[in-house]
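What the coordinates show
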Amino acid sequence: MSMIEQVDTRFTVSDCLKRPLFEGARILAGHSGLQRQVRWVHVLEIMDGSSYVHGEELVLMTGVGVGERRQLSVSYIAQLVESNVSALCIEMVHHYVNLSDSVKSYADSCHFPIILFEKPVSFIDITQDIHTFLIHRHHDQLVALEKISSQFLNLTLQQRGLAKILTLLEHELQTTVWLKDYLQGTPLIHAKEPEKPEACNSYAITVLDVHVGDLFVMENDFFSEFHRLIIDRAITAIAQELLRRFSLEERRFRSSQKWMHDLATSKSGNLPREVEIKAQGDTPLFWCAFQSDTPHLYDLDTTSDSLFLSFFQKLKKLQFMLGQNGIQSWITTYRHQWMLLGIDLMNTPTSYMNRLEEVWTQMTKNHSTWQMGVSRTFTSLKDAHLYWKQAELALSIQAIPSHTIEGKQIQRKELIHYDQLGPWQLYGQVEPTILKQYYKDQLNPLLTYDQKHGTDLRHTLDLYLETEQNKQATAKKLFIHRQTLYYRLNKINRLLGTDWESANRLLALKQALSIFHFIQLRQGEDEQ
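Residues numbered from 1 in each chain as written. Predicted model: local features only at pLDDT ≥ 70, side-chain atom pairs only at ≥ 80, totals over all residues. Heavy atoms only, no water.

**Side note on unusual backbone geometry**
It is generally the case that most residues other than glycine have a negative phi and that most peptide bonds are trans. Selection rule: What counts as a helix is a DSSP run of H or I of at least four residues, what counts as a strand is a run of E of at least two, and both are numbered from the N terminus.
Even without being a glycine, Glu56 presents a positive backbone phi close to 65°. Its place among the elements puts Glu56 in the loop between strand S2 (40–43) and strand S3 (57–61). The residue Gln174 is not glycine, and still its phi comes out positive at about 55°. Among the secondary structure elements, Gln174 is positioned in the loop between helix H6 (161–173) and strand S6 (177–181).

Here it is, written out as structure tokens:
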């Protein structure tokens with residue numbers, strides 16, 4: 001038997017009629033409303049009833065305040081119904097009031113009981129009797145509530161405590177309950193999701209001022225305040241369990257920092273057994289370096305718990321989605337970015353990037369400023385530090401060389417694989433001053449002329465080399481007449497020298513233009 005069944009949570013008009021003082025009372029109208037709940041008793045003789053009630057009262061009256069006409073009006077009953085009064089009891093011994101057929105008919109239509117006392121009764125005795133019963137019942141409910149609260153809290157100390165809390169709550173409420181746990185990265189549904197979840201009442205679960213879940217309860221018309229107090233105690237226990245889980249996860253998160261940092265910096269360290277086992281053989285691993293839209297989260301010692309918990313939800317969601325795509329992952333902070341070590345459990349190096357891009361696209365729908373760099377796959381943990389540098393380099397560039405997008409030489413992306421960088425892989429490891437000097441040695445006459453005359457011969461050369469020196473294709477891309485292109489090429493010829501189309505010089509110019517775009521991206525378009 002549930003705790004609710006033991007304490008009898010609802011006291012109704014029907015229960016009132018079973019009390020000894022109601023012996024001989026007669027129901028005049030509203031027979032279908034006998035299950036209306038009664039929370040208090042109130043003696044009311046004035047006709048402005050709505051001003052003195054709060055709802056769910058049993059109203060007692062003699063009718064002395066009705067006046068000389070002794071006629072109870074439909075409007076008065078309507079006031080009581082609108083005020084959610086449970087029932088009206090009238091002492092008819094003194095015949096202070098008459099009830100018309102229209103009043104009876106209206107009460108029936110509103111399921112509002114009208115009860116008559118045709119023998120003398122003491123309103124004081126009725127009030128005292130019912131109030132004493134309600135107070136005793138309230139005490140019993142408090143005791144029962146304390147007991148079930150202890151049960152909920154004890155379950156938080158057990159394995160699978162969350163599921164056990166929900167099972168106990170279902171038993172007490174005798175209805176379907178289910179939970180969306182946002183700390184797991186995706187809703188965790190307890191029991192069977194109802195056919196119409198939108199018909200459920202939802203209760204927010206909050207931890208450290210962060211919305212971490214929703215409890216859904218399929219309520220019915222017989223739910224009382226006691227039912228909702230039990231739900232409130234369950235929510236407290238669930239929040240404590242989720243907070244405990246978060247604390248454990250945060251501890252794991254911090255413990256991951258040491259071994260992941262060691263891997264990324266070629267230091268020897270103790271790897272978790274799970275990582276050692278899954279990284280055996282030819283199982284492909286890869287690094288991801290990414291930045292979020294909340295940069296000050298990287299220092300865990302200074303970040304507030306609530307802020308970290310809010311972002312932690314996103315990290316768990318990322319890990320869950322990767323897991324659904326066959327990628328197990330570990331995440332921690334590294335300097336001013338996040339580091340992710342992934343293991344492709346599907347062991348398909350050619351498709352892991354497609355799966356990773358699909359997950360990242362979903363993650364960045366509402367976080368357009370997130371950026372990620374991805375390394376090549378590797379199988380030996382001894383080489384992990386080399387591949388971490390690849391991920392960092394891809395993240396730092398945040399764009400890839402492109403010659404296919406409307407003549408643009410760079411393409412910005414939210415997720416970049418190291419292989420997409422092409423020759424930029426090398427540039428990222430060379431001193432910027434050396435790179436800048438190289439492209440200036442090759443292109444300086446052209447760049448100086450463009451700057452002085454407001455032309456863009458550098459761009460013309462770029463597209464001319466991109467089209468493999470096809471004049472017709474170059475003119476088409478530039479949207480100019482072929483004669484105009486000839487004029488520009490002659491100008492380039494005078495500036496760069498007559499040997500600029502020789503094999504070695506063309507190779508040097510292509511390299512210089514590639515470096516130019518790389519430097520432009522890294523240091524800004526105004527810095528040449």
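**Let's talk about the environment of Gln328**
Counted only if it meets this: By definition, residues are in contact when any of their heavy atoms lie within 4.5 Å. Polar contact is the term for a pair of N or O atoms within 3.5 Å; when the atoms are in protein, one must be able to donate a hydrogen and the other to accept it, and sequence-neighboring residues count only if both atoms are side-chain atoms.
Mapping Gln328 onto the fold places it in strand S10 (residues 327–334). Residues Gln328 and Lys278, 50 residues apart in the sequence, show an inter-C-alpha distance of 9.5 Å. Those residues in contact with Gln328, other than ones at most four positions away along the chain, are Glu274, Lys278, Leu341, Gly342, Ile343 and Leu345. Within the local environment of Gln328, its side chain forms a polar contact with the side chain of Glu274, the two groups lying 2.6 Å apart.

**Points about the pattern of salt bridges**
Once the charged atoms of two side chains with opposite charge are near each other, the side chains can pair. The condition that has to hold: The salt bridge criterion pairs a side-chain nitrogen of Lys or Arg with a carboxyl oxygen of Asp or Glu, the two atoms within 4 Å. Accessible area is worked out with a 1.4 Å probe on protein chains only. A residue is then buried under 20% of its type maximum, exposed over 50%, and partly exposed in between.
This structure, assessed with the given rule, holds 22 salt bridges. Between Lys316 and Glu249 there is a salt bridge, and its shortest N-O distance comes to 3.4 Å. In this pair, Lys316 sits in helix H9 (residues 305–324) while Glu249 sits in helix H7 (residues 225–264), placing the two residues 67 residues apart along the sequence. Judged by relative accessible area, Glu249 falls into the partly exposed class, the value being 23%. One salt bridge in this structure joins Arg505 and Asp499, with 3.3 Å as the shortest N-O distance.

**Topic: the packing of aromatic side chains**
Test applied: Aromatic rings from Phe, Tyr and Trp, with only the six-membered ring used for Trp, were paired whenever their centres fell within 6.5 Å, and each pair was classed as stacked if the ring planes differed by under 30 degrees, edge-to-face if by over 60, and tilted otherwise.
Scanning the model with the defined rule gives 20 aromatic pairs in all. Consider the rings of Phe290 and Trp338, whose centres lie 6.3 Å apart with planes at 15°: the pair is stacked. One end of the pair, Phe290, is in strand S9 (residues 285–291); the other, Trp338, is in strand S11 (residues 337–344), with 48 residues separating them in the sequence. Neither Phe290 nor Trp338 differs from the other in exposure class; each is buried. Ring geometry for Phe311 and Trp370: centres 5.7 Å apart, planes at 45°, overall tilted. In this pair, Phe311 sits in helix H9 while Trp370 sits in the loop between helix H10 (352–363) and strand S12 (371–374), placing the two residues 59 residues apart along the sequence. Taken individually, Phe311 and Trp370 each receive the classification buried, so the pair is uniform in this respect. Of the aromatic side chains, those joined through ring pairs into one cluster are Phe253, Phe290, Phe311, Trp338, Trp360 and Trp370.

**Focus on the confidence of the model for the chain**
As a reminder, the rule being used: pLDDT is a per-residue confidence score from the predictor, ranging from 0 to 100.
Summing up the model confidence of the chain, the mean pLDDT is 85 and the portion of residues at 70 or higher is 87%. Highest mean pLDDT in the chain belongs to helix H2 (residues 13–17) (94); lowest belongs to strand S14 (residues 408–412) (54). Within the model, pLDDT remains below 50 along residues 403–408, and this stretch shows eight contacts once partners closer than five positions in the same chain are excluded.

**Regarding the sheet that holds S6**
The condition that has to hold: When DSSP finds at least two bridges between two strands, those strands are taken to pair. Lines fitted to C-alpha atoms define the axes here, with helix axes fitted over just the stretch in contact, and angles between the N-to-C directions of these axes take values from 0 to 180 degrees.
An order of S6-S8-S7 is seen for the three strands of this open sheet, with the pairing classed as antiparallel. Of all strands in the sheet, those with a lone pairing partner are S6 and strand S7 (201–207), marking the two edges. The mean angle between the axes of side-by-side strands here comes to 25°, regardless of whether they run parallel or antiparallel. Contacting S6 and strand S8 (210–217), H6 crosses the sheet at an angle of about 150° to S6. Where H9 meets the sheet, its contacts fall on S7 and S8, and the angle it forms with S8 comes to roughly 60°.

**Some points on the sheet that holds S12**
Strand order across the open sheet formed by five strands is S10-S11-S9-S12-S15, with mixed pairing between neighbours. Strands with a single pairing partner mark the edges of an open sheet, and in this sheet they are S10 and strand S15 (415–417). This sheet shows a mean twist of 20° between the axes of neighbouring strands, independent of strand direction. Here S9 pairs with S11 via six bridges, running antiparallel. Each bridged residue has a counterpart across the sheet, and for Trp287 the counterpart in S11 is Leu341. Contacts between H7 and the sheet are confined to S9, S10 and S11, with S10 contributing the most and set at about 90° to the helix.

**So, the side chain of Asn325**
Considering the arrangement of structural elements, one finds Asn325 in the loop between H9 and S10. Its relative accessible area of 18% is what places Asn325 among the buried residues. Within the local environment of Asn325, its side chain forms a polar contact with the backbone oxygen of Met321, the two atoms lying 2.9 Å apart. When residues no more than four places from it in sequence are discounted, the contact partners of Asn325 are Met346, Arg355, Glu358 and Val359.

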